[in-house]
2 protein chains.
Amino acid sequence: MSKITIGHKNPDTDTVCSPIAYSWFLNKKLNLKTTPKIAGEPNKETQFVLKKFGVPTPEVINKFTEGDEIILLDTNNPEELIEGVESTKIIEIVDHHKLVGGITTNEPIKVTLKPLACTATIAWQIMKNAGVNDLPKEIAGIMLCAILSDTLKFTSPTTTDEDKKAVEELNAINNEDLDKLSSEMFTAKSDLTGMSTKDILTVDSKIFPLGGKKVRISVLETTNPQNALNMKADLLAEIIKMKAEDKSDYFFFFVIDILNSEATLIVTDDSHKKIAEDAFGGKFNEDFLKLPGVVSRKKQIVPPLESAIK
Amino acid sequence: MSKITIGHKNPDTDTVCSPIAYSWFLNKKLNLKTTPKIAGEPNKETQFVLKKFGVPTPEVINKFTEGDEIILLDTNNPEELIEGVESTKIIEIVDHHKLVGGITTNEPIKVTLKPLACTATIAWQIMKNAGVNDLPKEIAGIMLCAILSDTLKFTSPTTTDEDKKAVEELNAINNEDLDKLSSEMFTAKSDLTGMSTKDILTVDSKIFPLGGKKVRISVLETTNPQNALNMKADLLAEIIKMKAEDKSDYFFFFVIDILNSEATLIVTDDSHKKIAEDAFGGKFNEDFLKLPGVVSRKKQIVPPLESAIK
């Protein structure tokens, strides 16, 4: 039995770094004995961030132990959690996603949800309100990177003034060149070396119930979309396979060009094309649909797809 | 369509005053146009508080209009809300109850839950963190009263240091004599004039699913328990009637002597007596079970009853 800070499966930089930072806060300021863990291997961007700031990679776990006390960061969705969560005690939640409603508790707990781009921003606000003024350089650094990652360096429409302010406050400690740091992070994220097609399709992948259908939506954020687009044939074959394994109705894969703020949608067949054209307008060129300005799954991809499927 | 701050049905002082205070904050500081409303007639304690600080009683409503935008205070439980909530848009929740899990949203919203005695404490913390330093006297007054009410002037085991600190900070504005103010509130609360037995049994009444059974637990907080205890025969008759109407399995009614921190449990039959003796120890004297020190349904009544029923 232990106290664990942890995020969602298919971990991204926010869901790895926020639990590390929040664990520091809980231990140092509230005298809890928590340990950050991660629900899957960190991606290359996250590896770069942890290495840059000299922060050890948390232990990867794939199930909880009965009686574990859990502090959830960056999710309030039981379906995004590793196995065994029903036998744990959830003692706090910090998140920036919509309220999914699947988690109940036996007693009152602390829950902090805000509609910001990044959980690390909320975590920082909680720390600041608690009077924290001695954030270690490495913790400030990884929180800062989480926000740069989730906002695509402030270009994503999910970005709020509160996220920008948090970056400013956090970077007062390290004084990083944010353009350079973002560029290094996004280059690391764009390195597909050693990744299988399945790895590429699951870097950031979620299944949504949309209009009564089960819909997988994967995104790949990259500074070099051509690397992935060149693999089209292999990706399409893998999508067909994964869709059958999932028993999902649709699978949409978006390669997001971070530098040029443009998504390219890849689909396997005409039924997907029809929905996508209804959702986004435009016409497919072979199996590609270019979507200028589209970078956010939450704000720009899920809502139109949901309307089109309905 | 309008923006409404509102709490739960069977309103108590917190669930009336917190929406009034939070509406002031949202309108004044965030330029929202919200109106506080209440989900039932205010009780005598609440009437006293509003009158004392010259705050108008909010409109009582019993259903929402489609498209209303709702800010929920003091509940996150759809079953405690008035009709029509499913056709509204919930845009924020501030609460101190356990996470019930019944509410989902289509997009990220602000949710602030904390395990404190009173929602008004959380509302005040949010305002303070937002830089509020010009709280009107009457708003400070009613928030302060909500906390005194929910903590039974700091005697309830639900009381936290954060609740006490909030009272201190809020009372810096009015400089009320807290002993006198609490005494006046609790006297108002204890006035049963004009109340039917059903009114008395529903001043503060909730139905809980406990151990697979449907259990109604009503409490009456009073400085004069004898007033209610003298009505035993009428109360028992009404309990039997309400239990049949509810189709509930059990009905426990606790008269809580606020001044002496003692509850007296009244039940209708031996099956209830058996469970109560298992839960709390002690023996019934006729239909009364005295429970010294018991004042909190949340902390001292529901957990032992749940264990006994299981």
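**Comments concerning the sheet that holds strand β5 (residues 89–95) of chain B**
Part 1: Spatial strand order, β3(A)-β2(A)-β1(A)-β4(A)-β5(A)-β6(A)-β6(B)-β5(B)-β4(B)-β1(B)-β2(B)-β3(B): 12 strands in an open sheet with mixed pairing. Looking at which strands have only one partner, the edges of the open sheet turn out to be β3 (59–60) of chain A together with β3 (59–60) of chain B.
Part 2: Docked against the sheet, helix α3 (residues 119–129) of chain A engages β4 (69–73), β5 (89–95) and β6 (110–113) of chain A, running at close to 105 degrees with respect to β5(A).
Part 3: On top of the sheet, helix α3 (residues 119–129) of chain B reaches β4 (69–73), β5 and β6 (110–113) of chain B; it is set at about 105 degrees to β5(B), its chief contact.

**Observations concerning the relation of the copies chain A and chain B**
Part 1: For the match of chain A to chain B, the screw axis carries a shift of 0.0 Å, the RMSD comes to 0.1 Å, and the turn is 180 degrees. Overall, the copies show the geometry of a two-fold rotation axis.
Part 2: Interface overlap between copies is the fraction of interface residues in one copy that are interface residues in the other; for chain A against chain B it reaches 100%, indicating a shared surface.

**Focus on the interface of chain A and chain B**
Part 1: Contact residues are listed per partner, giving 22 residues for chain A and 22 residues for chain B.
Part 2: Here chain A and chain B share an interface that buries about 1800 Å² over both sides, 62% of which is from carbon and sulfur atoms.
Part 3: The largest share of the area that chain A buries against chain B comes from Leu99(A), Pro108(A) and Val111(A), three residues that together contribute 32% of it.
Part 4: At the surface where chain A touches chain B, the tally comes to 0 salt bridges.
Part 5: Summed over the shared surface of chain A and chain B, the number is 4 residue pairs in polar contact (both at pLDDT 80 or more).
Part 6: Residues that form the side of chain A that touches chain B fall into these classes: 9 nonpolar, 8 polar and 5 charged.
Part 7: Pairing geometry for β6(A) and β6(B), over 3 bridges, is antiparallel. The residue of β6(B) that forms the bridge with Leu113(A) is Val111(B).

**Looking at the sheet that holds strand β11 (residues 288–292) of chain B**
Residues and elements named next belong to chain B.
Part 1: Taken in spatial order, the 5 strands of this open sheet run β7-β8-β9-β10-β11, and their pairing is mixed. In this open sheet, the two strands that pair with only one neighbour each are β7 (205–210) and β11. Geometrically, the sheet is characterised by an average inter-axis angle of 25 degrees between neighbouring strands, direction not taken into account.
Part 2: The pairing of strand β10 (residues 262–266) with β11 spans 5 bridges and is antiparallel. Looking at the pairing, leucine 265 lines up with leucine 289 of β11.
Part 3: Of the strands in this sheet, β7, β8 (213–222), β9 (250–257), β10 and β11 are in contact with helix α9 (residues 232–246), which crosses β9 at around 140 degrees.

**Some details on the packing of aromatic side chains**
Part 1: Taken as a whole, this structure holds 6 aromatic pairs over all chains when the rule is applied.
Part 2: Arranged with centres 5.5 Å apart and planes meeting at 45 degrees, the rings of Tyr22(A) and Phe25(A) form a pair that is tilted. Of this pair, Tyr22(A) and Phe25(A) both sit in helix α1 (residues 13–30), 3 residues apart, roughly one helical turn.
Part 3: A residue is classified by how much of its surface remains accessible, and Tyr22(A), at 0% relative accessible area, is buried.
Part 4: Each ring, one from Phe254(B) and one from Phe280(B), has its centre 6.0 Å from the other, and the planes form 75 degrees; the classification is edge-to-face. Here Phe254(B), found in strand β9, pairs with Phe280(B), found in helix α10 (residues 270–280); they are 26 residues apart in sequence, far enough to count as distant.
Part 5: Residue Phe254(B) is classed as buried on the basis of its relative accessible area of 0%.
Part 6: A cation over a ring is seen here: Lys52(A) above Phe53(A), with NZ or CZ 5.7 Å from the ring centre.

**Quick notes on the packing of helix α10 (residues 270–280) of chain A against helix α11 (residues 297–309) of chain A**
Residues and elements named next belong to chain A.
Part 1: Packing of α10 against α11 brings their axes to within 8 Å, and their N-to-C directions diverge by 115 degrees. Taken together, the axes of α10 and α11 lie roughly perpendicular to each other. Our pair here, α10 against α11, has a crossing hand that is right-handed. On the side of α10, the interface is formed by Ile275, Asp278, Ala279 and Phe280, while α11 contributes Gln300, Ile301, Pro304, Leu305, Ala308 and Ile309.
Part 2: Looking at the contact of α10 with α11 residue by residue, the class counts come to 8 nonpolar, 1 polar and 1 charged.

**Remarks on the nonpolar core**
Part 1: One finds Met127(B) and Phe254(B) to be the most contacted residues of the largest nonpolar core, which totals 68 residues.
Part 2: Mapped onto the domain boundaries, this core takes at least three residues apiece from domain 1 (3–188) and domain 2 (197–309) of chain B.
Part 3: When near neighbours in sequence (up to four residues on either side) are disregarded, Met127(B) contacts Ala21(B), Tyr22(B), Trp24(B), Phe25(B), Val132(B), Leu135(B) and Met143(B).
Part 4: Counting 67 residues, the second largest nonpolar core, distinct from the first, contains Ala21(A), Phe25(A), Leu73(A) and Met127(A).

**Section: helix α2 (residues 44–52) of chain A**
Residue and element names in this part refer to chain A.
Part 1: Those residues of α2 lying buried are Glu45, Thr46, Val49 and Leu50. Buried residues of α2, seen end-on, are gathered within an arc of 130 degrees and therefore sit on one face of the element.
Part 2: Tucked inside the fold, the buried residues of α2 contact α1, α4 (137–150) and α6 (178–189).
Part 3: Between a side-chain oxygen at the N-terminus of α2 and the backbone nitrogen of glutamate 45 the separation is 3.0 Å; the capping residue is asparagine 43.
Part 4: Positive backbone phi, at 65 degrees, marks glycine 54, one or two positions downstream of α2.

**Let's talk about the pattern of salt bridges**
Residue and element names in this part refer to chain A.
Part 1: Summed over the entire model, instances satisfying the criterion amount to 40 salt bridges over all chains.
Part 2: Lysine 44 serves as the salt-bridge partner of aspartate 191, at 3.8 Å between the closest nitrogen and oxygen. Of this pair, aspartate 191 sits in the loop between α6 and α7 (197–202) while lysine 44 sits in helix α2, placing them 147 residues apart in sequence.
Part 3: Since its relative accessible area comes to 32%, aspartate 191 is described here as partly exposed.
Part 4: According to the relative accessible area criterion, lysine 44 is partly exposed, its value standing at 25%.
Part 5: The salt bridge involving lysine 274 is made with aspartate 278; its shortest N-O contact spans 2.9 Å. Highlighted residues: lysine 274 and aspartate 278, both in helix α10, separated by 4 residues, approximately one helical turn.
Part 6: In this structure aspartate 278 comes out as partly exposed when scored by relative accessible area, which is 49%.
Part 7: Among the charged side chains, a network of salt bridges with common partners joins Lys232, Lys273, Glu286 and Asp287.

**A short note on the environment of Thr193(B)**
All names here are of chain B.
Part 1: Counting through the fold element by element, threonine 193 comes out in the loop between α6 (178–189) and α7 (197–202).
Part 2: On the accessibility criterion, threonine 193 (58% relative accessible area) is exposed.
Part 3: Each C-alpha atom of the pair threonine 193 and asparagine 31 lies 42 Å from the other, and the pair is 162 residues apart in sequence.
Part 4: A polar contact is formed between the side chain of threonine 193 and the side chain of aspartate 191, at a distance of 2.3 Å.

The rules behind these values
Residues numbered from 1 in each chain as written. Chains lettered and ligands numbered in written order. Predicted model: local features only at pLDDT ≥ 70, side-chain atom pairs only at ≥ 80, totals over all residues. Heavy atoms only, no water. Pairing = 2+ DSSP bridges. Helix = DSSP H or I, 4+ residues; strand = E, 2+ residues; numbered from the N terminus. Contact = heavy atoms within 4.5 Å. Axes fitted to C-alpha atoms, helices over the stretch in contact; angles between N-to-C directions. Least-squares fit on C-alpha atoms with pLDDT ≥ 70 in both. Buried area = accessible area lost by both parts, 1.4 Å probe. Salt bridge = Lys/Arg side-chain N within 4 Å of Asp/Glu carboxyl O. Polar contact = N/O pair within 3.5 Å; in protein donor to acceptor, adjacent residues only side chain to side chain. Nonpolar A, V, L, I, M, F, W, Y, C, P; charged D, E, K, R; others polar. Phe/Tyr/Trp six-rings, centres within 6.5 Å; stacked < 30°, edge-to-face > 60°. Buried < 20%, exposed > 50% of the residue type's maximum accessible area, 1.4 Å probe, protein only. Lys NZ or Arg CZ within 6 Å of the ring centre and 35° of its normal. Parallel < 35°, antiparallel > 145°, perpendicular 65-115°, else oblique. Left-handed = near helix turned anticlockwise from the far one by under 90°. Core = buried A, V, L, I, M, F, W, Y, C linked by side-chain atoms within 4.5 Å. Domains from an automatic or database assignment. Arc of directions from axis to C-beta.

Take it as geometry only, folks, not as evidence of what the structure does.
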